[in-house]
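Single-letter residue listing:
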Amino acid sequence: TIVPISILVYRAQQGAAQPTDVFLPILLATFAATLGGVIVTSIYQKINLFKPVLLSTLGGACVAVALIIWGFSKMDSDLMGVVASNVANVLLLAIILLFIMSGVLKRVNVYDAFVEGAKEGFTTAVRIIPYLVAMLVGIGVFRASGGMDWLIQIAERMLRKHPDHITFYAPLCTFFLTVLVGTGHVVYTLMPIICDIALKKGIRPERPCGVASIASQLGITCSPIAAAVVAFTTISAANGFDITIPQVLMVTIPATLVGLLCAAACSYKRGLDLDKDPKFQARLKDPETYQYMYGNNQTLLDKEIPASAKRAVYVFLASLVVIVTYATFQQLLPPGVKMNIAIQIIMITAAALMIMFCKATPKKAIAGSVWQSGMVAVVAIYGIAWMADTYFANYMDVMQEGLSGIVAQYPWVIAFAFFAVSVLINSQGAVVVSMLPLAYSLGIPGPILLGVFPSVYGYFFIPTYPSDIATVNFDRSGTTVIGKYLLNHSFMMPGLVSIIVATLVSLLITSIIY
């Protein structure tokens, strides 16, 4: 993307002094990758790049980039940082102005298009954001009560009881925890335990860690309180495909479990065993490294769980049962109350009960990672919905004309669009909010969209998501890696296997049901 908003947001969250410092290096890297793509495509399609217009355009761009690199090579590190930061800020502003000037030159009423997109984006977001805030309140208070620690203890006991099969049991644990709480950020507490068990058992930690991190995100499309699921049902109902949350889960849960088990099977003997890995054995020869790997135990079993935390678990699980019951039998809902409103009421009520009877403090709830990451998602969903509606409203005719043929013949190809957008915006809920209305406007049937629903998870492809980065840091053995060439990382294989299999199985299930 031209403006790497996600990276800038992550840097700002982590306290970077100048979050925009990386913009210029990213721009240069993007230019190099684009130039390489143009050259490869021209060779494959036999395009003559030596035509004066093409040569002058590419040559001018290359000269400009070369001058930038030469200029920076003449600066010391302090001056380079100041110049890079200022240039990045100027370029960001210039790009925004370029969009506005482009609209003016094409005689597009930029202000009206911008405001209209905001209206439509707000209409879309207002159906999702209140629910998302209510969910964050419920989950944040639940974590603040200590209830999550009890669930992690239960999972740890099972994993330590069956360490030989941790490559299968670890992803199942992270998957079902996500299904219960509606967010994949539960992995932060459990992943160090998974790494510790695998390492002490002599199993290559990359095997369970890679697939367990993938599983924690796969569970989002299978959770009755996940924003992506609620958004899917809400937007589908607005487009004539009436489907309930339990009906969605009847498709996604079995399909995703099949994909997850296939990924775990592919990971079972992945890489060299630790006793046969020369890199790992070489690291063990260093006494400090050996102490770092084996000197500490990662466990929650020695933590005493108070009765109030266990009560919080019962309250939270009871709220899930009520949500699923109402979602299954919506005739039980009071007149005029829709399902998304009912979920908000139930989650806020559960949060209030946990505060009153389970010693959960609101201050601790909003200080947790789930609340902070979730509020970033709230802003992102509105911004993405705004952007999508502004863009799609102006180019809908062009997109329908260009895509209608292939979509009519192969409607399932929309899965590739879902996956690609997910890689860019790092949010399954945001993918649904931005892309599902477009898919319906192209005439794609609801059952097909339900079948490709698992494909909204694609941000493992480029390992910048916090849970993947955290998993790499948690693995003290160093076997879970990003990779020298970025894409050859530990999450690529289990991610691709699970998504491809889950999507195929989901399409098969929907073809049988519908």
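Because the structure is predicted, anything quoted here is derived from the model rather than measured.

### Regarding unusual backbone geometry
Excluding glycine, residues mostly carry a negative phi; peptide bonds, for their part, are mostly trans. Despite not being glycine, Lys359 has its phi angle at roughly 60°, a positive value. Inspection of the secondary structure puts Lys359 in the loop between helix 16 (339–357) and helix 17 (362–367).

### Details of a nonpolar patch on the surface
Taken together, the side chains of Ile406, Tyr410, Trp412 and Phe416 present a nonpolar region at the surface, about 440 Å² in accessible area. Residue classification places Trp412 among the partly exposed positions, given a relative accessible area of 42%.

### A few points about the layout of surface pockets
Approximately 410 Å³ is the volume attributed to the second largest pocket. Along the walls of the second largest pocket sit 15 residues, with Thr233, Thr234, Ala237, Lys338 and Met339 positioned nearest its centre. Elements with a contribution of two residues or more to the lining of the second largest pocket: helix 11 (227–238) and helix 16. With five residues, the top contributor of residues to the lining of the second largest pocket is helix 11. Here the lining of the second largest pocket is composed, by residue class, of seven nonpolar, five polar and three charged.

### Quick look at the pattern of salt bridges
One pass over the structure, following the stated rule, counts ten salt bridges. Between Lys303 and Asp149 there is a salt bridge, and its shortest N-O distance comes to 2.5 Å. In this pair, Lys303 sits in the loop between helix 14 (287–294) and helix 15 (307–328) while Asp149 sits in helix 7 (residues 147–161), placing the two residues 154 residues apart along the sequence. Residue Asp196 is joined to Arg476 by a salt bridge in which the shortest nitrogen-to-oxygen separation is 3.1 Å.

### Comments concerning the side chain of Asp196
Take Asp196: it is sitting in helix 9 (residues 187–201). There is a polar contact of 3.1 Å between the side chain of Asp196 and the side chain of Arg476. When near neighbours in sequence (up to four residues on either side) are disregarded, Asp196 contacts Arg160, Asn296, Asn297, Gln298 and Arg476.

### Some words on helix 6 (residues 129–144)
Over its 16 residues, helix 6 extends 22 Å from the first C-alpha to the last, a length consistent with the 22 Å expected when each residue adds 1.5 Å. Burial runs high along helix 6: twelve of the 16 residues are buried. Gly146 occupies a position one or two residues after helix 6 and carries a positive phi of about 90°.

### Quick look at the side chain of Thr480
Take Thr480: it is sitting in the loop between helix 22 (466–474) and helix 23 (492–513). With residues near it in sequence (within four places) discarded, Thr480 still touches Pro205, Glu206, Cys209, Thr471, Val472, Asp475, Ser490 and Phe491.

### Overview of the state of the cysteines
Simply put, disulfide is the name for a covalent bond between the sulfur atoms of two cysteines. Applying the stated criterion across every chain, the model contains zero disulfides. Just so you know, Cys262 is unpaired, no disulfide at all, and the nearest cysteine sulfur is the one on Cys266, 6.8 Å from it. Under the relative-accessibility criterion, Cys262 is labelled partly exposed at 31%.

### Side note on the packing of aromatic side chains
For the structure on display, the rule yields 14 aromatic pairs. With a centroid separation of 5.8 Å and an interplanar angle of 90°, the aromatic rings of Trp150 and Tyr314 are classed as edge-to-face. On the criterion of sequence distance, the pair formed by Trp150 in helix 7 and Tyr314 in helix 15 is long-range, its members being 164 residues apart. A connected cluster of aromatic rings, assembled from ring pairs, spans Phe419, Tyr457, Tyr459, Phe460, Phe461 and Tyr465.

### A short note on the packing of helix 8 (residues 166–181) against helix 9
At a closest axis distance of 11 Å, the pairing of helix 8 and helix 9 adopts a crossing angle of 170°. Taken together, the axes of helix 8 and helix 9 are roughly antiparallel relative to one another. Counting all contacts with helix 8, which are made through Ile166, Ala170, Cys173, Thr174 and Leu177, the residues of helix 9 involved are Val187, Leu190, Ile194, Ile197 and Ala198. Of the residues in the contact of helix 8 with helix 9, the class split is nine nonpolar, one polar and no charged.

### Thoughts on the packing of helix 10 (residues 206–218) against helix 23
Their axes nearest at 8 Å, the elements helix 10 and helix 23 cross at an angle of 40°. By the angle class used here, helix 10 and helix 23 are oblique. The crossing of helix 10 and helix 23 is right-handed. Here helix 10 contributes Gly210, Val211, Ile214 and Leu218 to the contact with helix 23, which in turn contributes Pro494, Gly495, Ser498 and Ile499. In terms of residue class, the contact of helix 10 with helix 23 is made up of five nonpolar, three polar and no charged.

### A word on helix 15
Each turn of an α-helix holds 3.6 residues, which means side chains three or four residues apart point in the same direction. An ideal rise of 1.5 Å per residue puts 32 Å on 22 residues; helix 15 measures up with 32 Å between its terminal C-alpha atoms. Within the span of helix 15, buried status applies to Ser308, Ala309, Ala312, Val313, Phe316, Ser319, Leu320, Ile323 and Ala327. Down the axis, helix 15 shows its buried residues gathered within 155° of arc, on one side only. Residues of helix 15 that are exposed and point over 90 degrees away from its buried face: Tyr314 and Val321. Taken together, the buried residues of helix 15 touch helix 6, helix 7, helix 8, helix 12 (245–267) and helix 16.

About the cut-offs
Residues numbered from 1 in each chain as written. Predicted model: local features only at pLDDT ≥ 70, side-chain atom pairs only at ≥ 80, totals over all residues. Heavy atoms only, no water. Helix = DSSP H or I, 4+ residues; strand = E, 2+ residues; numbered from the N terminus. Patch = residues over 30% accessible without salt bridge, like charges linked within 9 Å, V, L, I, M, F, W, Y side chains within 5 Å. Areas by Shrake-Rupley, 256 points an atom, 1.4 Å probe, with all protein chains shown as cover. Salt bridge = Lys/Arg side-chain N within 4 Å of Asp/Glu carboxyl O. Buried < 20%, exposed > 50% of the residue type's maximum accessible area, 1.4 Å probe, protein only. 1 Å grid on protein atoms, 1.4 Å probe; cavity = no way out; pocket = protein on both sides within 12 Å on 5 of 7 lines; lining within 4 Å. Points joined across faces, edges and corners; volume = space filled by probe spheres on them. Nonpolar A, V, L, I, M, F, W, Y, C, P; charged D, E, K, R; others polar. Polar contact = N/O pair within 3.5 Å; in protein donor to acceptor, adjacent residues only side chain to side chain. Contact = heavy atoms within 4.5 Å. Expected span 1.5 Å × (residues − 1). Disulfide = S-S within 2.5 Å. Phe/Tyr/Trp six-rings, centres within 6.5 Å; stacked < 30°, edge-to-face > 60°. Axes fitted to C-alpha atoms, helices over the stretch in contact; angles between N-to-C directions. Parallel < 35°, antiparallel > 145°, perpendicular 65-115°, else oblique. Left-handed = near helix turned anticlockwise from the far one by under 90°. Arc of directions from axis to C-beta.

All quantities given are derived from atomic positions and should not be read as evidence of function.
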